[in-house]
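# An overview of the molecular structure
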Amino acid sequence: IFNNIINNSRELIANRYSDPKNVFTDTVNYIMGNYNYRKTPPSIEKLNQLNLEKLYAIYKERFSDAGGFTFVFVGSFNNDSIRPLLEKWLGSLPALSKRETARDLGIHIPAGQLTKKVYKGTEDKATVKMVFSGDYAFNSENNLLLTALKEVLTIKITQHLREDESEVYSPNVQVTYNKYPHNRYAFTVSFGCAPANADHLMELVMKELAVLRQNGPTQEDLDKFIAEYKRVREFQQTQNDYWLTTLLNTYQNNELPSEIYGNDKLLNKLKTASLQKAAQKYLTESNVLKFELLPEQK
């Protein structure tokens, strides 16, 4: 089985860079990982270093006991019905290892401004990715502000770039934030367009950010976010997957499960002025990475 996996991986790697998207993705990941070795792309050289005995030894070291694990169960059950099963299947597991804490490996989006153009392929299309990042204070209020900003920015970019300009397709805005090993956030704006329009559209994105910093969002846009947030949240809370992911994240970040319900109060406190201040703080031009996938130049 091990040899089959290695052989199949070797074939995949050999053909990997015939696809321009893979070249672009590897470049983006390497730079956004602060040029860390762990973010370098797969290679035949790395593949040849894999050893079955060593891999299995690492597996046994990490999974020989349950001391480093937190188990989360969600679903239709009560304490009386599940307790005997937990005692039988989990209570009998050895718990010998000490819990570990997160280590900073230096894998984070680098500060400053950078523009990277990747010329690969012949398709008359550009893929653009813009990343705005930085440090911040991880807490429920700031996390909700980041989420709201992401939705407002999505509305504006969809309106002004796709509908008004008609030059962009598949615009997308994402936000990520994490507590460990450092409090960090990142907004990613991505879209496809004609190569000749890439620079112009990136300038329009920067203008949209400037407008949010200067004027804040409209009350209409904020109301749209609040209504959609409540609708999605009401549905999510009926799903096991939501509770599983939320509880896992809560424990991983050393938060209290009771804080899960805190967003309802914070949501009602959201104002256009608070989002404007958040835009001035988080959507700046200090740390901006711009990536472009363009056809090869003739």
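Quick caveat: nothing in here was measured; it's all calculated off a predicted structure.

## Concerning the environment of Val152
Positionally, Val152 belongs in helix α6 (residues 140-164). Exposure remark for Val152: the relative accessible area of 1% places this residue in the buried category. Counting along the chain gives 123 residues from Val152 to Leu275, while the straight-line C-alpha distance between them is 9.4 Å. Those residues within four positions of Val152 in sequence are excluded, and the remaining contacts are Leu212, Pro217 and Leu275.

## Here we look at a nonpolar patch on the surface
There is a patch of nonpolar side chains on the surface, built from Tyr56, Tyr59, Phe63, Phe69, Phe71, Phe73, Phe77 and Leu93 and spanning about 810 Å² of accessible area. Its place among the elements puts Phe69 in the loop between α4 (52-63) and α5 (79-89).

## Considerations on helix α2 (residues 20-32)
Given 3.6 residues per helical turn, the α-helix brings residues three or four places apart onto the same face. Taking 1.5 Å per residue, 13 residues should reach 18 Å; α2 reaches 18 Å between its end C-alpha atoms and fits that length. Considering only its buried residues, α2 is in contact with α1 (2-16), β1 (113-119), β2 (126-135) and β5 (288-294). For α2, the capping residue at the N-terminal end is Asp19, with a side-chain oxygen 2.9 Å from the backbone nitrogen of Lys21. In the stretch just after α2, Asn34 is the one whose phi turns positive, near 60 degrees.

## Things to note about the packing of aromatic side chains
Applying the stated criterion across every chain, the model contains 10 aromatic pairs. Ring centres of Tyr56 and Tyr59 lie 6.0 Å apart, and the angle between their planes is 15 degrees; on these two criteria the pair is classed as stacked. One end of the pair, Tyr56, and the other, Tyr59, are both in helix α4, 3 residues apart, so they sit about a helical turn from each other. Judged by its relative accessible area of 47%, Tyr56 falls in the partly exposed class. What makes Tyr59 partly exposed here is its relative accessible area of 47%. Ring geometry for Tyr136 against Tyr185: centres 5.9 Å apart, planes inclined by 80 degrees, an arrangement best described as edge-to-face. Taken together, the positions of Tyr136 in the loop between β2 and α6 and Tyr185 in strand β4 (residues 184-193) put the pair 49 residues apart, joining distant regions of the chain.

## Observations regarding the nonpolar core
Grouped burial of nonpolar side chains is what soluble globular proteins tend to show. By size, the foremost hydrophobic cluster in this structure holds 45 residues, and its most contacted members are Met130, Phe132, Phe187, Val189, Phe191 and Phe225. When residues in this core are grouped by element, the largest group, 9 residues, is from α6. Contacts of Phe187, omitting those with residues within four sequence positions, involve Met130, Val131, Phe132, Leu146, Leu149, Lys150, Gln174, Val175, Tyr282 and Leu283. Counting 11 residues, the second-largest nonpolar core is a separate cluster that includes Phe24, Ile31, Ala186 and Phe291.

## Observations regarding the side chain of Asn36
In this fold, Asn36 is placed in the loop between α2 and α3 (44-48). Overall, Asn36 belongs to the buried group, its relative accessible area being 17%. Within the structure, Asn36 has its side chain in polar contact with the backbone oxygen of Leu105 (distance 3.0 Å). If near-sequence neighbours (up to four positions away) are discounted, Asn36 is found in contact with Tyr30, Leu105 and Ile107.

## Examining the sheet that holds β5
The 5 strands are arranged β1-β5-β2-β4-β3 in an open sheet whose pairing can be described as mixed. The open sheet has two edge strands, β1 and β3 (168-178), and neither has a second partner. Here the average twist between neighbouring strands, direction ignored, is 10 degrees. Bridge count for β3 against β4 is 9 bridges, and the pairing is antiparallel. Across the sheet, the residue bridging to Tyr177 is Tyr185, located in β4. The strands touched by α2 are β1, β2 and β5; relative to β5, the strand with the most contacts, the crossing angle is about 165 degrees.

What counts and how
Residues numbered from 1 in each chain as written. Predicted model: local features only at pLDDT ≥ 70, side-chain atom pairs only at ≥ 80, totals over all residues. Heavy atoms only, no water. Helix = DSSP H or I, 4+ residues; strand = E, 2+ residues; numbered from the N terminus. Buried < 20%, exposed > 50% of the residue type's maximum accessible area, 1.4 Å probe, protein only. Contact = heavy atoms within 4.5 Å. Patch = residues over 30% accessible without salt bridge, like charges linked within 9 Å, V, L, I, M, F, W, Y side chains within 5 Å. Areas by Shrake-Rupley, 256 points an atom, 1.4 Å probe, with all protein chains shown as cover. Salt bridge = Lys/Arg side-chain N within 4 Å of Asp/Glu carboxyl O. Expected span 1.5 Å × (residues − 1). Polar contact = N/O pair within 3.5 Å; in protein donor to acceptor, adjacent residues only side chain to side chain. Phe/Tyr/Trp six-rings, centres within 6.5 Å; stacked < 30°, edge-to-face > 60°. Core = buried A, V, L, I, M, F, W, Y, C linked by side-chain atoms within 4.5 Å. Pairing = 2+ DSSP bridges. Axes fitted to C-alpha atoms, helices over the stretch in contact; angles between N-to-C directions.

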